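These are the residues of each chain, in order.
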Amino acid sequence: MQKRIGVIFVSRRNSLRSILAEACLAHLDPKRFSVSSCGQPGHIAREFHPAAVAALTSASIPPPERPPRSWDELVRANASPADFVITLDAASASRQPSWPGQPDAALWAYPDIADGNDLEKTAHDAIQMLFSLRRRLELLVSLPMQGADRSAVRSDVRDLGYMR
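Described below are features of the structure shown in this document. In this text, all values refer to a predicted model and were calculated from it rather than measured experimentally. (Residues numbered from 1 in each chain as written. Predicted model: local features only at pLDDT ≥ 70, side-chain atom pairs only at ≥ 80, totals over all residues. Heavy atoms only, no water.)

Evaluation of the coordinates by the stated rule reveals 1 aromatic pair. A centroid spacing of 6.5 Å and a plane angle of 55 degrees characterise the contact between Phe9 and Trp108, whose relative ring orientation is tilted. Within this pair, whereas Phe9 is found in strand E1 (residues 5–10), its partner Trp108 is found in the loop between strand E4 (104–107) and helix H5 (119–142), the two being separated by 99 residues in sequence. Judged on exposure class, the residue Phe9 and its partner Trp108 are both buried. (Phe/Tyr/Trp six-rings, centres within 6.5 Å; stacked < 30°, edge-to-face > 60°. Helix = DSSP H or I, 4+ residues; strand = E, 2+ residues; numbered from the N terminus. Buried < 20%, exposed > 50% of the residue type's maximum accessible area, 1.4 Å probe, protein only.)

Our focus in this paragraph is the side chain of Gln40. Assignment of secondary structure puts Gln40 in the loop between strand E2 (33–38) and helix H2 (50–58). Residue classification places Gln40 among the buried residues on the basis of a relative accessible area of 10%. Apart from residues no more than four positions distant in its own chain, Gln40 is found in contact with Ser11, Arg12, Trp71, Ser92 and Arg95. (Contact = heavy atoms within 4.5 Å.)

Quick look at the pairing of strand E3 (residues 84–87) now. The side chains of a regular strand alternate, residue by residue, between the two faces of the sheet. Side chains Phe84 and Ile86 project from E3 onto one buried face, and the interleaved Val85 and Thr87 project onto a second face that is buried too. Pairing geometry for E1 and E3, over 4 bridges, is parallel. Paired with Ile8 across the bridge in E3 is Val85. The pairing of E3 with E4 spans 4 bridges and is classified as parallel. Directly across from Ile86, in E4, lies its bridge partner Ala106. (Pairing = 2+ DSSP bridges.)

In this model, H5 (24 residues) spans 34 Å end to end at C-alpha, consistent with the 34 Å of a helix rising 1.5 Å per residue. On its buried face, H5 sits against E1, helix H1 (17–28), E2, H2 and helix H6 (150–159). (Expected span 1.5 Å × (residues − 1).)

In this section: the packing of H1 against H5. Running from amino to carboxyl end, H1 crosses H5 at an angle of 45 degrees, the nearest separation of the two axes being 9 Å. When the axis of H1 is compared with that of H5, the two are oblique. For the element pair H1 and H5, the recorded crossing hand is right-handed. Contact residues: H1 offers Arg17, Leu20, Ala21, Cys24, Leu25, His27 and Leu28, while H5 offers Ala126, Met129, Leu130, Leu133, Arg134, Leu137, Glu138, Leu140 and Val141. (Axes fitted to C-alpha atoms, helices over the stretch in contact; angles between N-to-C directions. Parallel < 35°, antiparallel > 145°, perpendicular 65-115°, else oblique. Left-handed = near helix turned anticlockwise from the far one by under 90°.)

On to the packing of H2 against H5, then. Helix packing geometry: the angle between the two helix axes and the distance between the axes. Two numbers describe how H2 lies on H5: the axes approach to 8 Å, and their chain directions differ by 50 degrees. Relative to H5, H2 is oriented oblique. The way H2 lies across H5 gives a crossing that is right-handed. Residues Pro50, Ala51, Ala55, Leu56 and Ser58 of H2 form the contact with H5, whose participating residues are Leu119, Thr122, Ala123, Ala126, Ile127 and Leu130. Class assignment of the residues belonging to the contact of H2 with H5 gives a composition of 9 nonpolar, 2 polar and no charged. (Nonpolar A, V, L, I, M, F, W, Y, C, P; charged D, E, K, R; others polar.)

As a further point, take unusual backbone geometry. A negative phi angle characterises most non-glycine residues, just as the trans form characterises most peptide bonds. A positive phi is found at Ser60, a non-glycine position, where the angle reads about 55 degrees. The exposure class assigned to Ser60 is exposed, which follows from its relative accessible area of 59%. Although it is not a glycine, Gln102 adopts a positive phi angle of roughly 50 degrees. As for its placement among the helices and strands, Gln102 is situated in the loop between helix H4 (90–93) and E4.

Structure (structure tokens):
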């Protein structure tokens, strides 16, 4: 059996951006990828943002089973090391811990839409974000990970962050 590729998505509160990314990748290829998400300690939401749940529901993608959590939980969990850490929040990129196993890192910066007071606009923006993430994640899933040159794969994953 082939090793699953571990991916961690990081955003500040782990309530919207990283939840959309985690759920979408888990939906696209659950056999090949082991996916989780987390956020910055002290900023973690108590629950998923309603706009994230609405966007996932509209796409028939189930939300993650675990509630929002901090990256401290993943670092302490001593789980198998991730292959990739994809940060969706540029502001938290420099604050992250040293990840076990030294995974490759990429920044796919998305705006923080969870702070808005207009729930209807936030829901619309969350759907647009999910479409954008899905395009990137479909390309990620199509990359030849096993047996490929690690630096080439790392570059490809980082380059996905520049897609519009």
